[in-house]
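Residue-level structural notes
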Amino acid sequence: MTEQPRAIDEMNPDGVPRKVLFVAGAGRSGTSTLAGIVSRLGMHVPLPEVPPDDSNPRGFSEPQWVVDVHDEWLRESLVQVSDSRPEAWFDTGRICSREPARIRVTEWLEPHFEHHPELVVKDPRLSWFLGLWRVAAIRTGATPVFATMLRPPAEVVGSKQKYYANKLGSAHLAASWVNMLLHTERATRPAEGDGGRVFVRYEDLLSDWVRTTTALGHALDLQTIIHTRSDQIREVHRFIDPTLRRVTATLDDLALPRRLHELTGQTWEELNKLADEGGDTADAHATFDQLRAAYVDLYEESAAISRSTAEHARIQARRRALHEAAEAGGSRSLADRVPHDVRAAIPPSVRRGVRRALGRTRDEQ
């Protein structure tokens, strides 16, 4: 798909300064809706875009390249998109600090400014790599600005379970939401070279997108949004569908463990304050630091208690690998594919039984 140049608006003949709007937040929180609105108002989503599907029939408004590179880095980091581990941020942070990764993103961003000076980059995986994207945007001479979508955590969890067939349960999804939002708040705090941040309630976007998006445009000084045209506004009216909020639920519906329930509720309450005018203060930042520390404590305590479950899953995986190798026919080449540490962890009596079943003697090993 070839990108078509978009002329700079006539309201600014000298050229609009470069900016990149990074739309962050948990998946299923309305990030596609916001990105879809600002792109229809004239901001540019680098092409090609991820195609629509049944989970999002109106489209995702996210660049395919961004999704692909994030998937690559998450695989390398052994981090899930919805990862509830606090230490996962250190795993992705190592990639964010790599100069080749920064150069790669900078070189991808640069040519897209030929099509429009104000870009929008959105992906539910984005928060894991915000530091890298901030650096890359600044290197292109652009000002990075941030919009974080806020949707009640129970609705996010319910939507993921409905559309993504998630099998890890409500507690895991709620914990991953807390982990994602608390660290996204930390990662988007003002830094040198930034142009500001906003927090947008999904409900506000659906009920009055004009007022909500206009406030966003002025807060982040996005000229494309401030000087939008009437035909673009009509296009967004056709795009917005009040029934987009197809999942409604409350925390009580999730039946979460008590402490997780309380921490999720507190996090949502404090995030809501950030969406209010004047709510993004130093005192609010201190509160989020405390919530983040409380989540780390809760997760570490839970992990310590459940270590037997993790060890059981590890042993099961090793046993499955050995069994699959045995069923593959027992040839030396297939057996040798089983990692040495896996074979070494199997009791000698079990290994002898497997060799007999395969018709192999020790001398053949």
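Keep in mind that this is a model prediction, so the values were computed, not measured.

So, about helix H4 (residues 99-109). Every buried residue of H4 is listed here: Ala101, Val105, Thr106, Trp108 and Leu109. Projected down its long axis, H4 carries its buried residues within an arc of 165 degrees, all on one side. Opposite the packed face of H4, turned more than 90 degrees from it, sit the exposed residues Pro100 and Glu107. Here the buried face of H4 lies against helix H2 (64-77), helix H3 (88-96), strand S2 (118-122) and helix H5 (130-139).

One pass over the full model with this rule turns up 25 salt bridges. When the shortest N-O distance is used, the salt bridge between Glu62 and Lys122 registers 2.6 Å. Taken as a pair, Glu62 in the loop between helix H1 (31-40) and H2 and Lys122 in strand S2 lie far apart in primary sequence, 60 residues in all. Relative accessible area serves as the criterion here: at 1%, Lys122 is assigned to the buried category. Residue Asp289 pairs with Arg189 through a salt bridge whose shortest N-O separation is 2.9 Å. Placement of Asp289 in helix H14 (residues 282-305) and of Arg189 in the loop between helix H7 (170-187) and strand S4 (197-201) is noted, with a sequence separation of 100 residues between them. Classification of Arg189 by relative accessible area gives buried; the value is 11%. Here the salt bridges share partners, and the residues they tie into one network are Glu185, Arg189, Arg197, Asp280, Asp289 and Arg292.

Cut-offs applied
- Residues numbered from 1 in each chain as written.
- Predicted model: local features only at pLDDT ≥ 70, side-chain atom pairs only at ≥ 80, totals over all residues.
- Heavy atoms only, no water.
- Buried < 20%, exposed > 50% of the residue type's maximum accessible area, 1.4 Å probe, protein only.
- Helix = DSSP H or I, 4+ residues; strand = E, 2+ residues; numbered from the N terminus.
- Arc of directions from axis to C-beta.
- Contact = heavy atoms within 4.5 Å.
- Salt bridge = Lys/Arg side-chain N within 4 Å of Asp/Glu carboxyl O.

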